[in-house]
Amino acid sequence: MKKRNAFARLLSNTATWLVLFVFSFPFIWMVMASFKTQVQIQSPGNFFWFRPTGRNYAEVFNQYHFFKYMINSFIVAIGSTLASLLLGLPAAYGIARYRLNGLGLTILAARIIPGISFLIPWFIIFNSLGLVDTYTALILSHMLVGLPFVIWIMISYFEALPHEIEEAGAIDGCGKMKVFLRIVLPISGPGVMTASLMSIIFSWNNFMFSIILAGEKTKTLPIAIFNFLSYSEVNWGGLMAAACIITLPVLVIALAAQKFIINGLAAGAVKG
Amino acid sequence: MLASWMEKRFKWIVTLPALLFVLVMMAFPIAYTLRLSFFEWSMSAASPPKWVGLDNYIALFKDGRFWHALGATAYFSFGALAAETVLGVAIALLLHREFRGRGLAKTIFLLPMVATPVAMGLVWVLIYEPTNGIFNALLQAIGLKPLHWLGSIGQVIPSLMVIDIWQWTPMICLIVMAGLTTLPQEPYESADVDGASRLQKLWYITLPLLRPTILTAVMLRLIDVIKTFDIIYATTQGGPGTASETLNIYGYVLAFQYFKLGLASSLLVVFFLLVMGLTLALIVVRRNTEVSS
């Protein structure tokens, strides 16, 4: 019996590490290829032994202007997240305290409706207002990603707060707005953190809205890397270095704030 | 004066900004798209939108490429979703035990979900590369013939499924793992008394208890998998030919490459109804299991 248990444990441990290897393989491959020359990438057989080069990274920044696109991505991600918090935090509080479920459900519709059905009218309108290729258009469109996260994560957070806290505030003569700003918000740090990180990550990753609404001036990283394919011969080393640069900030956030991210990803599940 | 006015209307003051955003950026665009689906327009200023009634819908239902896209969407979505569900549950059961490095395992599992899909899609293009890719090198190493993967009409959708499975199995896995921690202990104790085997406990206790959790995970994934855009557009743009053109990709092509805005809008309306219908159906299924359990 004991022997069988040890064998079973060995088997499931092996299976676990095999699964983890498979799921991390694309990352391993990406990082390795980013340090290879074009010739090394195109000569199969020498997959794991090669002399690493940093040239791809230099190229991505110098020839492909990735620093500029990175700034654009930061501006749009931070801008849309701040705007989503500004609109979403009070709204989530109102929905949670006054059970305005209709508004909550309407905002959830943003997740169900195909993004392109928003994109066609936006493009027509932004185009006629001369707003295509501006941060304004990108931030407004990315708010459709951030705002539902903020509202849905914060509704459950506010609902879980004990009512006594607010009642105590009301007894002290604070108005409702003061209670919200001075008492409720300061103790909502973890919820705000989860919502902000989700909003930042999914704005950073957004491709569909940006590919239509961004132009030369406001191009974000996902569009910049996609444009690698338009060259006649794909520069694989550069492409993989670019992929590393784009995913690194997100992976760092995910590793540093793992608990928040898991909560955020599960937020939809709780409500489902 | 102002203070008491604000006090009375607090509920509306806090929700108004978000409400305005919803109206301007969501409700209005949806109404616009719905309206546009009855017009013919190519975005030219010279010729304004022309009312065509139901012509766009009729043209859509006669369009072979639409039916092909519908088929591709169904094939891709259900294939990926089925694999993700089975793998996700299996891996969750595998990880739901004490072992060294459990924290690390969870972290690694988080990464495919948050890594930028376009970038990772392009990494997969390199992995699948027919001449220099690792997959074909492995196939040849064990004496098999190399495949064309993303470049072949028959293999492209399964190849895309693999990318989606890699990206989103962790989602199902994490939800099921969260569900596993809330399971009651009593059924297992009485099963032990009855001398049930591990497999029996899994099949007759764990899986039935997990059903609502699994259905929630499936519903969340379904809503998103049908609309998969990034990894398909980044890797194949719907090709080769139109082999991997799903409804979302075809809608995008119609709108922003052919500028047939009316036809694209009618496709999006149909697509939306489809997503909505499937979501509601799953909600009903889930509610029924809750009642019966």
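Residues numbered from 1 in each chain as written. Chains lettered and ligands numbered in written order. Predicted model: local features only at pLDDT ≥ 70, side-chain atom pairs only at ≥ 80, totals over all residues.

J.: Where do I start with the overall build of chain A in this structure?
T.: When you go through chain A residue by residue, the secondary structure sums to 14 helices and 0 strands. For chain A, the N- to C-terminal ordering of α and β elements is α-α-α-α-α-α-α-α-α-α-α-α-α-α. A compact globule built from 272 residues should have a C-alpha radius of gyration of about 19 Å, whereas chain A, at 23 Å, is more than 25% larger. For the C-alpha atoms alone, the extent of chain A along its principal axes is close to 75 × 75 × 30 Å. Within the span of chain A, comprising 272 residues, buried residues form 46% of the whole. Nonlocal contacts in chain A, meaning residues at least 24 apart in sequence, comprise 80% of its contacts between residues at least 6 apart. (Helix = DSSP H or I, 4+ residues; strand = E, 2+ residues; numbered from the N terminus. Rg over C-alpha atoms; globule rule 2.2 N^0.38 Å. Buried ≥ 20, exposed ≤ 12 C-beta atoms within 10 Å, placed from the backbone. Contact = placed C-beta atoms within 7 Å.)

J.: Any chance you could explain the interface of chain A and chain B here in plain terms?
T.: In this complex, chain A contributes 75 residues to the contact, which on the side of chain B involves 75 residues. Ranked by residue count, the leading element in the side of chain A that touches chain B is helix H1 (residues 2–34) of chain A, at 13 residues. Looking at the side of chain A that touches chain B, its residues break down into 58 nonpolar, 15 polar and 2 charged. (Nonpolar A, V, L, I, M, F, W, Y, C, P; charged D, E, K, R; others polar.)

J.: Teacher, can you tell me more about the nonpolar core here?
T.: Across soluble globular proteins, nonpolar side chains have a tendency to be buried as a group. Membership of the largest hydrophobic core comes to 155 residues, with the highest contact counts inside it found for A:Ala92, A:Ile225, A:Met240, A:Ala243, B:Val123, B:Val176 and B:Leu267. In terms of residues, this core owes the most to one element, helix H7 (residues 135–160) of chain A, which gives 16 residues. Setting aside residues no more than four positions away along its own chain, B:Val123 makes contact with A:Pro26, A:Trp29, A:Met30, A:Met240 and A:Ala243. (Core = buried A, V, L, I, M, F, W, Y, C linked by C-beta atoms within 7 Å.)

J.: Mind showing me how you'd approach the environment of A:Val19 here?
T.: In this structure, A:Val19 sits in helix H1. Discounting residues that sit within four places of it in the chain, A:Val19 has contacts with B:Ile91 and B:Leu94.

J.: Can you walk me through helix H12 (residues 247–256) of chain B in this structure?
T.: Turn by turn, an α-helix covers 3.6 residues, leaving residues three or four places apart pointing in a common direction. Most of H12(B) sits out of view: 8 of its 10 residues are buried. Those residues of H12(B) lying buried are B:Leu247, B:Asn248, B:Ile249, B:Tyr250, B:Gly251, B:Tyr252, B:Leu254 and B:Ala255.

J.: Help me understand the packing of helix H5 (residues 102–114) of chain B against helix H8 (residues 156–180) of chain B in this model?
T.: In a packed pair of helices, the relevant descriptors are the angle between the two axes and the axis-to-axis distance. Residues and elements named next belong to chain B. At a minimum axis distance of 7 Å, the contact between H5 and H8 shows a crossing angle of 125°. Judged on the interaxial angle alone, H8 and H5 are oblique. By crossing handedness, the relation of H5 to H8 is classed as left-handed. Of H8, the residues touching H5 (which contributes Phe-109, Leu-110, Pro-112 and Met-113) are Trp-166, Gln-167, Trp-168, Pro-170, Met-171, Cys-173 and Leu-174. Each residue belonging to the contact of H5 with H8 can be placed in one class, and the counts come to 10 nonpolar, 1 polar and no charged. (Axes fitted to C-alpha atoms, helices over the stretch in contact; angles between N-to-C directions. Parallel < 35°, antiparallel > 145°, perpendicular 65-115°, else oblique. Left-handed = near helix turned anticlockwise from the far one by under 90°.)

J.: Would you explain unusual backbone geometry in this entry?
T.: Most peptide bonds are trans, and most residues other than glycine sit at a negative phi. The step from B:Gly239 to B:Pro240 runs through a cis peptide bond, and the omega angle for that step is -5°. Looking at where B:Pro240 falls in the secondary structure, it is placed in the loop between helix H11 (230–235) and H12. Phi at A:Arg99 takes a positive value of approximately 50°, unusual for a residue other than glycine. Turning to its location among the elements, A:Arg99 is positioned in the loop between helix H4 (66–98) and helix H5 (101–112). Classification of A:Arg99 by C-beta neighbours within 10 Å gives exposed; the count is 10.

J.: I keep staring at the confidence of the model for chain B and nothing clicks. Help me out?
T.: A low pLDDT means the predicted coordinates there should not be read in detail. For chain B, the average pLDDT comes to 90, and 98% of its residues sit at 70 or higher. For this predicted complex, the interface confidence reaches an ipTM of 0.91, while the overall pTM sits at 0.93. (pLDDT = per-residue confidence, 0-100.)

J.: Can you help me understand the environment of A:Arg55 in this one?
T.: The topology assignment puts A:Arg55 in helix H3 (residues 55–62). For the pair A:Arg55 and A:Ile71, spaced 16 residues apart in the sequence, the C-alpha separation amounts to 22 Å.

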